[in-house]
Amino acid sequence: MLLSDPGFKTRDIKIFGFGTPACVCPQLSKMLQENMTSVVHREDVVPRLSFNNLVNLRKQFNDPDMQSWVHQQEIWDEQSLWNHLGFDGKKKDSEPTTSTPANSKNVAGDLVIPGKIIYLRQHLETGQYEAILTDHAHPDLQRIMLAVQSVEDHYLDSTLTVLRGLCYRRFDPFTGDEKRPKRKLQSAKDEAGSWRPCSVCKRDPAELYILRSDAHRANATHHCGRCGMIVCVECCPAGDKVPDFYKELWATRKLEDKRVVMSELGTLEPQRLCIRCRTMI
């Protein structure tokens, strides 16, 4: 609108948006690339809330295999809870409810993120951040990942922490490309498909908790920010609250927060470090 005003045509207008929602058509997004820059942080769900992404997410939820997997996870968690209480948790399995989604029609056409995009991407194998200059057609922006960080990544403070970390890494002579850690994040499961134990204490990371489904195991499993090995929450504390079974059923105790900033990863967000790596820095 400003560019259509004769009084602004001669001015160099630059617009920056953080977590910009999908609000324009693809044609307008291309036209705005000269003036508009949108910053998308990792798995931020807001810029990905387009019609096509939501339809694909619904298809994923209605997939029979997905529904069967979710149903089995619920059974495991329910049985774990009853076993912890000292009761027999076994019950007759009920079939998961299935539904046939109605056909969705998008009359207006899909909306996308406006302008050119700076995508703050975290590498899945190394955990390092990188800034990618792209547009709305980037493959990582064509899906919605429902996770804790999907909401947290939309906060401005979270985005600025990464931007400042990337700038710091770029201009700091001690954190250049040759100084970046070459380690890769260890997979949570081994070659046989079993969950790995903590690399420090050798215990099951889910041992501290009551529920033992895959989703809860994933939340209880962490990576050391320095060596990339699998560690439990007690061996890389970050102020977490964990159950205190020695008091009462719902009692909790808070662990110390011993995270440190590792700017070589491209972010100023404090990272979890295992006990071994904390003694080496």
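Residues numbered from 1 in each chain as written. Predicted model: local features only at pLDDT ≥ 70, side-chain atom pairs only at ≥ 80, totals over all residues. Heavy atoms only, no water.

1. So, the overall build of the protein chain
No. 1: Counting secondary structure elements, the protein chain contains seven helices and ten strands.
No. 2: For the protein chain, buried positions account for 36% of its 281 residues.
No. 3: When contacts within the protein chain are restricted to residue pairs at least 6 apart in sequence, long-range pairs at least 24 apart make up 64% of them.
No. 4: Summed over its atoms, the accessible surface of the protein chain is roughly 17500 Å², and 56% of this surface lies on carbon and sulfur atoms. (Helix = DSSP H or I, 4+ residues; strand = E, 2+ residues; numbered from the N terminus. Buried < 20%, exposed > 50% of the residue type's maximum accessible area, 1.4 Å probe, protein only. Contact = heavy atoms within 4.5 Å. Areas by Shrake-Rupley, 256 points an atom, 1.4 Å probe, with all protein chains shown as cover.)

2. Some remarks on the environment of Phe18
No. 1: Along the polypeptide, Phe18 turns up in strand β1 (residues 15-18).
No. 2: Judged by relative accessible area, Phe18 falls into the partly exposed class, the value being 38%.
No. 3: If near-sequence neighbours (up to four positions away) are discounted, Phe18 is found in contact with Val39, Leu156, Thr159, Leu160 and Leu163.

3. Looking at the nonpolar core
No. 1: The biggest cluster of nonpolar side chains holds eleven residues, and these are Cys198, Cys224, Val231, Cys232, Cys235, Cys236, Met262, Leu265, Leu273, Cys274 and Cys277.
No. 2: Other than its neighbours up to four places away in sequence, Cys236 contacts His222, Val231, Arg272, Leu273, Cys274 and Arg278. (Core = buried A, V, L, I, M, F, W, Y, C linked by side-chain atoms within 4.5 Å.)

4. Considerations on the pattern of salt bridges
No. 1: Taken as a whole, this structure holds 13 salt bridges when the rule is applied.
No. 2: Between Glu130 and Arg121 there is a salt bridge, with the nearest N and O atoms lying 2.6 Å from each other.
No. 3: For Glu130, a relative accessible area of 31% puts it in the partly exposed group.
No. 4: Residue Arg121 is classed as partly exposed on the basis of its relative accessible area, which comes to 22%.
No. 5: In this structure, Lys258 and Glu256 form a salt bridge, with 3.7 Å as the shortest nitrogen-oxygen distance. (Salt bridge = Lys/Arg side-chain N within 4 Å of Asp/Glu carboxyl O.)

5. Side note on the pairing of strand β3 (residues 116-122)
No. 1: Sheet analysis places strand β2 (residues 36-41) next to β3, joined by five bridges and oriented parallel. Within β3, the position partnered with His41 by the bridge is Leu120. (Pairing = 2+ DSSP bridges.)

6. Side note on unusual backbone geometry
No. 1: Even without a glycine there, the phi angle at Arg42 is positive, about 50°.
No. 2: Along the chain, Arg42 falls in the loop between β2 and α2 (51-61).
No. 3: Using a relative accessible area of 16% as the deciding quantity, one classes Arg42 as buried.
No. 4: Of note, Lys202 is a non-glycine position whose phi angle comes to about 65°, a positive value.
No. 5: Following the sequence through the fold, Lys202 ends up in the loop between α5 (156-171) and α6 (214-220).
No. 6: The exposed category is assigned to Lys202, whose relative accessible area is 58%.

7. Brief notes about the sheet that holds strand β4 (residues 129-134)
For sheets, the rule is that strands pair by backbone hydrogen bonds, running either parallel or antiparallel.
No. 1: The mixed open sheet is built from four strands, whose spatial order is β1-β2-β3-β4. Whereas interior strands pair on both sides, the edge strands pair on one side only; in this sheet they are β1 and β4. Each neighbouring strand pair of the sheet contributes to a mean axis angle of 20°, computed without reference to strand direction.
No. 2: The sheet contacts of α5 involve β1, β2, β3 and β4, and relative to β4 the element is tilted by about 100°. (Axes fitted to C-alpha atoms, helices over the stretch in contact; angles between N-to-C directions.)

8. A word on the state of the cysteines
No. 1: Within the structure shown, the criterion is met by zero disulfides.
No. 2: Its sulfur unpaired, Cys235 is 3.6 Å from the next cysteine sulfur, which belongs to Cys232.
No. 3: Judged by its relative accessible area of 6%, Cys235 is buried. (Disulfide = S-S within 2.5 Å.)

9. Notes on the pairing of β2
No. 1: Most of β2 is tucked away: six of the six residues are buried.
No. 2: Here β2 shows a buried face lined by Met36, Ser38 and Val40 and a second buried face lined by Thr37, Val39 and His41.
No. 3: Sheet topology places β1 next to β2; four bridges connect them, and they run parallel. In the sheet register, Ile15 faces β2, and the bridge partner there is Met36.
No. 4: Crossover connection from β1 via helix α1 (residues 26-31) to parallel β2: handedness right-handed. (Right-handed = clockwise from strand over helix to strand, strands pointing away.)

Bear in mind that shape data such as this cannot, by itself, settle questions of function.
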